[in-house]
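What follows is each chain in one-letter form.
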Amino acid sequence: MNLQQSDPEFFTIMENFTKEVDSKTTLLDNKQKQLIKIVSLVTQQSKALLAEQIKNAISSGLTAIEIKEAIYQCAPYSGFPRTVDAIYLANDILEQNNIVLPLEKQSTVTQQTRFDKGLTAQTTIFGNAMKAVANGENTLNPAYYLITNCFGDYYTRNGLDLQTREMLTLCILINLGTENQIKAHISGNSNMGRSKAFLEEIIYQCLPYAGYPRTLNALSCLKEVLPD
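Not measured: the values here are computed from a predicted model. (Residues numbered from 1 in each chain as written. Predicted model: local features only at pLDDT ≥ 70, side-chain atom pairs only at ≥ 80, totals over all residues. Heavy atoms only, no water.)

Trainee: Mind showing me how you'd approach the packing of aromatic side chains here?
Mentor: Each aromatic ring pair is summarised here by two numbers: the centre-to-centre distance and the angle between the ring planes. With the rule as written, the count across this model stands at four aromatic pairs. Seen in terms of ring centroids, Phe-151 and Tyr-155 are 4.5 Å apart; in terms of plane orientation they differ by 25°. Their pairing is stacked. With Phe-151 and Tyr-155 both in helix H9 (residues 142-155) and four residues apart, this pair spans about one turn of that helix. The class of Phe-151 is buried, set by a relative accessible area of 3%. Linked through ring pairs, Phe-115, Tyr-144 and Tyr-145 together constitute an aromatic cluster. (Phe/Tyr/Trp six-rings, centres within 6.5 Å; stacked < 30°, edge-to-face > 60°. Helix = DSSP H or I, 4+ residues; strand = E, 2+ residues; numbered from the N terminus. Buried < 20%, exposed > 50% of the residue type's maximum accessible area, 1.4 Å probe, protein only.)

Trainee: Sorry if this is basic, but what is going on with a nonpolar patch on the surface here?
Mentor: Judged by side-chain polarity, Phe-80, Val-84 and Tyr-88 come together as a nonpolar surface patch covering roughly 340 Å² of accessible area. Following the sequence through the fold, Val-84 ends up in helix H7 (residues 80-96). (Patch = residues over 30% accessible without salt bridge, like charges linked within 9 Å, V, L, I, M, F, W, Y side chains within 5 Å. Areas by Shrake-Rupley, 256 points an atom, 1.4 Å probe, with all protein chains shown as cover. Salt bridge = Lys/Arg side-chain N within 4 Å of Asp/Glu carboxyl O.)

Trainee: Could you clarify how one ought to interpret the nonpolar core in this entry?
Mentor: Nonpolar side chains in soluble globular proteins generally cluster together in the buried interior. Counting residues in each nonpolar core, the largest one holds 50 residues, and the members touching the most others are Ile-71, Ile-174 and Ile-202. Apart from residues lying up to four places away in sequence, Ile-202 is in contact with Leu-28, Ile-36, Met-167, Leu-170, Cys-171 and Ile-174. (Core = buried A, V, L, I, M, F, W, Y, C linked by side-chain atoms within 4.5 Å. Contact = heavy atoms within 4.5 Å.)

Trainee: Any chance you could explain the environment of Val-39 here in plain terms?
Mentor: Within the secondary structure, Val-39 sits in helix H3 (residues 30-43). Measuring from C-alpha to C-alpha, the distance between Val-39 and Gly-211 comes to 15 Å, with 172 residues separating the pair along the chain. In this structure Val-39 touches Ala-70, Cys-74, Leu-168, Cys-171 and Ile-172, once residues within four positions along its chain are discounted.

Honestly, it's all geometry; don't read function into it.
As structure tokens, then:
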């Protein structure tokens with residue numbers, strides 16, 4: 001028995017509210033909304049809703065690569081366990097839709113180039129000041145791992161452009177409720193050309209998944225970083 005059958009009143013509330021939010025976030029296109037939903041559900045570890053969302057994304061015209069790349073983008077923020085569970089779930093659905101795995105390779109880096117290309121991606125979003133904390137390729141510190149792994153292994157991949165990846169990162173962080181990182185990536189998205197109105201819609205698009213406390217905190221972060 002599915003949720004609509006077992007809990008029809010709750011299902012109706014959830015469906016109506018999600019559709020209402022969709023209808024009022026007019027600056028986001030359908031693909032952006034679909035991707036935001038995917039990363040939100042991965043971050044929230046919601047297998048049942050994620051399965052439905054992946055099916056909806058396929059029906060809406062998103063490619064298997066776009067879906068998988070959105071899931072991969074969650075890994076440096078949500079961690080490997082949540083991401084791997086989501087990958088297994090997505091693989092089952094893709095195979096049910098006669099999509100052959102593995103998909104075409106999207107990586108653009110090697111073990112030797114991931115630092116330099118990661119730093120390029122990071123400075124493209126956050127500016128050249130990030131070079132000051134790079135501290136060399138062999139330094140064991142968070143800055144090194146951010147450059148090589150977070151930016152080098154993920155942001156440099158094909159399948160989604162840099163602006164989209166930065167948008168999705170903000171959505172992941174909103175769902176996690178990590179305010180310091182939310183502020184940083186509001187700035188990053190602004191640097192990538194996103195308006196305050198667009199970022200506000202991103203935050204509201206996460207509301208059905210993140211809940212009110214995290215959404216309100218994110219709106220406060222937006223007001224602090226980009227005051228009127």
